[in-house]
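A structural walkthrough
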Amino acid sequence: MSERAMSGFDELTHVRAKEVIARYPVARSALLPLLHLVQSVEGCVSQDGIRFCAELLDLSTAEVSAVATFYTMYKRTPCGEHLVSVCTNTLCAALGGDDIYRRLSERLGVGHEETAGEPGTTGSLTLEHAECLAACDLAPVIQVNYEYFDNQTVESAERLVEALQRGEKPHPTRGAPLTDLRTVELELAGFTEDPTVAAAAVAGNSAAPETLRGTMIAAERGWAAPAFPDEIPALPEKS
Amino acid sequence: MSDILTPVLTSRWAQENSWTLETYERTGGYRAMRTALAGHPDQLIQLCKDSGLRGRGGAGFPTGMKWSFIPQGGEGAGAKPKYLVINADEGEPGTCKDIPTMMADPHSLIEGCIITSYAIRANFCAIYVRGEALHPIRRLRAAVAEAYAQGYLGTDILGTGFDLEIVVHAGAGAYICGEETALLDSLEGRRGQPRLKPPFPATAGLYASPTVVNNVETIASVPYIVAGGAEWFRTMGSEKSPGPKIYSVSGHVERPGQYEAPMGITLRTLLELAGGMKDGIPLKFWTPGGSSTPMFTAEHLDVPLDFEGAAGAGSMLGTTAVQVFNETVSVPWAVMKWTEFYKHESCGKCTPCREGTYWLVQILERMVHGEGTESDVETLLDVCDNILGRSFCALGDGATSPITSGIKYFRQEFLDLIAEQPAVARPEQLADVELTGAPA
Ligand SMILES: Cc1cc2nc3c(=O)[nH]c(=O)nc-3n(C[C@H](O)[C@H](O)[C@H](O)COP(=O)(O)O)c2cc1C
Ligand code: SF4
Ligand code: FES
């Protein structure tokens, strides 16, 4: 292992990397989480980050590069404090997602995967348009650092972005209290810094009215699935 | 007859702290696991077959049969370790059921993983969650930690001698990784590109070992099937499509949301539950199960939304992602947007899909911008014909669905994009496109 290549990453990151690798029966499975880990340190996946992963997993940098460039969540240039992803897939777009993206892009003066402000500084924002974020019942949807801001309008999206630029951290509709992109990338790799913060994050709201619509209607109207038998039935004979 | 809505998978969602072990066990959770671990694995496979459970990830493959394909015994592939991989990559446009499930009730999935792993004799299970699903990942990891602490995961679970490790694995943004073999490559730390089949994952899946890949909703159903029995499960839905199913209603309706009903509910009923069309503007088109399932129109309000019903009417049940669009939406525009999605997500491995989606986008964008030609509709159909059935995986097939079904039901609207005098009112997206003159 060459000292030079590994120098960009501190001792803690090395320890964490080993921990990630130990989770899997085969080391290479750790590559995606390792790239998230690298991104949490550098704000993007740099050449150094690629070398770091390659050496840990005994792969060539070309092999790691080929993987890193395949996935949209790995960014090649340093990101802002926050990543703002606007869903512009068909359903969100028809409900206003395209307008939201266009307005934010104009306001911030940046395009897809570009950053307004000095990357990493407070209030800097990377903008992107995203594919369906699996929250279509809450369209149009924005994610900030992958936390959901549901049922957006052009106006609410502008207010959100302004607040972020001022260094505020508006609470997502569903998800944990906002942190920043690097903290979230660390979490994706499987690590949290502070157990109290982590516990609060887990407790962050998840149930939008839309999520509970069917269950609520069923409760109001007295509808239910057929009752379970009192005793769990005996398992069938094996054939 | 069962009730119109039958919350099973969603039954805990409104409970306070629904995601915790405490709530899960208070409401009957982890009882099924005890029964299952006291039985023989083959009995569980039989139970799953008897229940008629079919995969909830889109294709509807019988789950018990899939489990029974895993070779057992001390020889050949049967001697290798077995793996369970949960497909939580939820990315099919419109689909939004697995993410709320993992947020609200992660333990139902974990209990399902324990029972399924025991049934197929797996000691390692990976839950592959799309990376953008941060809060579900967080909830799942917290739940996995609780389950370990309680002795439901790890070595010698409840003194039965059964060992199971579960890893919650975050993806990194690629729709194709939802395709099960691409998912396996991705989980092995590679680019997510589909594998040639055969061999199927059942014999050579993760690390070339026997592997079951199942969807979140499929596996979250398993504890209920154990707790209720196959007969109970079959009191909902139909003979060939039994059980409850989460229908995700989105778009131009008054009350979009998640509605869990016996399989076979119709759009007419779903619309009633969802408060009707938004602002009373009439329905134009809808997808029964995501953008890869051919669209339906108001003609199809009474099609039973189960595997046979949707297929019988010329579409597919898919992921029961019911996306509803009203008359203000241009079909060619919607089709263009979806096609841009498939082009972006095409993994590039095979020519029909890689080149085909590129050309489809070129043509559709040109048409939507008012620069189409007389022959464009035929060219679109021609390109689709060259993709459908000729691509390496089902992404390519799915890419043709919006186009061929859109042209089937709304051909005139495509032709009007070319004609000087549109016969239909210009939907708002097109007015917008002309104003800005820029592709979306
Ligand atoms: C392009 C593409 C994307 C897919 N995405 C998903 C997905 O996000 N989740 C899922 O469960 N299945 C997805 N599938 C289907 C899987 O390949 C597979 O059929 C499924 O995971 C099997 O699980 P089941 O039998 O429980 O449904 C996708 C298929 C294709 C072709
Ligand atoms: S059909 Fe498309 S996504 Fe599937 S293998 Fe071919 S190029 Fe890749
Ligand atoms: S289309 Fe935007 S979340 Fe699904």
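As the structure is a prediction and not an experimental result, all values here were calculated from the model.

Conventions and cut-offs
- Residues numbered from 1 in each chain as written.
- Chains lettered and ligands numbered in written order.
- Predicted model: local features only at pLDDT ≥ 70, side-chain atom pairs only at ≥ 80, totals over all residues.
- Contact = placed C-beta atoms within 7 Å.
- Nonpolar A, V, L, I, M, F, W, Y, C, P; charged D, E, K, R; others polar.
- Domains from an automatic or database assignment.
- Helix = DSSP H or I, 4+ residues; strand = E, 2+ residues; numbered from the N terminus.
- UniProt positions renumbered as here; feature names shortened; annotations may be inferred.
- Buried ≥ 20, exposed ≤ 12 C-beta atoms within 10 Å, placed from the backbone.
- Axes fitted to C-alpha atoms, helices over the stretch in contact; angles between N-to-C directions.
- Parallel < 35°, antiparallel > 145°, perpendicular 65-115°, else oblique.
- Left-handed = near helix turned anticlockwise from the far one by under 90°.
- Near = placed C-beta within 6 Å.

1. Thoughts on the interface of chain B and chain A
- Between chain B and chain A, the contact holds 86 residues from the first and 69 residues from the second.
- A class-by-class count of the residues in the side of chain B that touches chain A yields 42 nonpolar, 29 polar and 15 charged.

2. Focus: the domain arrangement of chain A
Residues and elements named next belong to chain A.
- Along its sequence, chain A is organised into domain 1 (3-68) and domain 2 (82-200).
- Here domain 1 and domain 2 have C-alpha centroids that lie 26 Å from each other.
- Contact residues are listed per partner, giving eight residues for domain 1 and nine residues for domain 2.
- Of all the secondary structure elements, the ones that give two or more residues to the side of domain 1 that touches domain 2 are α2 (11-22) and α3 (31-42).
- Looking at the side of domain 1 that touches domain 2, the element that brings in the most residues is α3, giving five residues.
- For the side of domain 1 that touches domain 2, the class distribution of residues is three nonpolar, four polar and one charged.

3. Details of the UniProt feature "binding site: [2Fe-2S] cluster" (unreviewed entry) in chain A
- Per the UniProt record, "binding site: [2Fe-2S] cluster" (unreviewed entry) is annotated on Cys87(A), Cys92(A), Cys132(A) and Cys136(A). Annotated residues spanning 50 residues; largest pairwise C-alpha distance 9.4 Å, indicating a single compact cluster.
- Inspection of the secondary structure puts Cys87(A) in strand β1 (residues 82-87).
- Here Cys87(A) falls in the buried class, since 29 other C-beta atoms lie within 10 Å of it.
- With residues near it in sequence (within four places) discarded, Cys132(A) still touches Cys87(A), Asn89(A), Gly91(B), Pro93(B) and Gly94(B).

4. Notes on the domain arrangement of chain B
- Per the domain assignment, the segments making up chain B are domain 1 (21-234), domain 2 (244-326) and domain 3 (331-436).
- Of the residues that constitute the side of domain 1 of chain B that touches domain 2 of chain B, the class distribution is three nonpolar, four polar and five charged.

5. Considering the packing of helix α13 (residues 331-345) of chain B against helix α16 (residues 394-418) of chain B
Residues and elements named next belong to chain B.
- Across the interface, α13 lies against α16 with an axial gap of 8 Å and an inter-helix angle of 160°. Here α16 runs roughly antiparallel to α13, going by the angle between their axes. Seen from above, α13 lies across α16 with left-handed handedness. Every residue of α16 that contacts α13 at Val331, Pro332, Val335, Trp338, Thr339, Tyr342 and Glu345 is listed here: Leu395, Gly398, Ala399, Pro402, Ile403, Gly406, Phe410, Glu413, Phe414 and Leu417.
- Residue composition of the contact of α13 with α16, by class: twelve nonpolar, three polar and two charged.

6. Some remarks on the site of ligand 2
Residue and element names in this part refer to chain B.
- Around ligand 2, the structure places 14 residues, and the nearest of them are Cys347, Cys350, Cys353, Cys393 and Gly396.
- Of all the secondary structure elements, the ones that give two or more residues to the shell around ligand 2 are α14 (351-368) and α16.
- Residue composition of the shell around ligand 2, by class: eight nonpolar, four polar and two charged.

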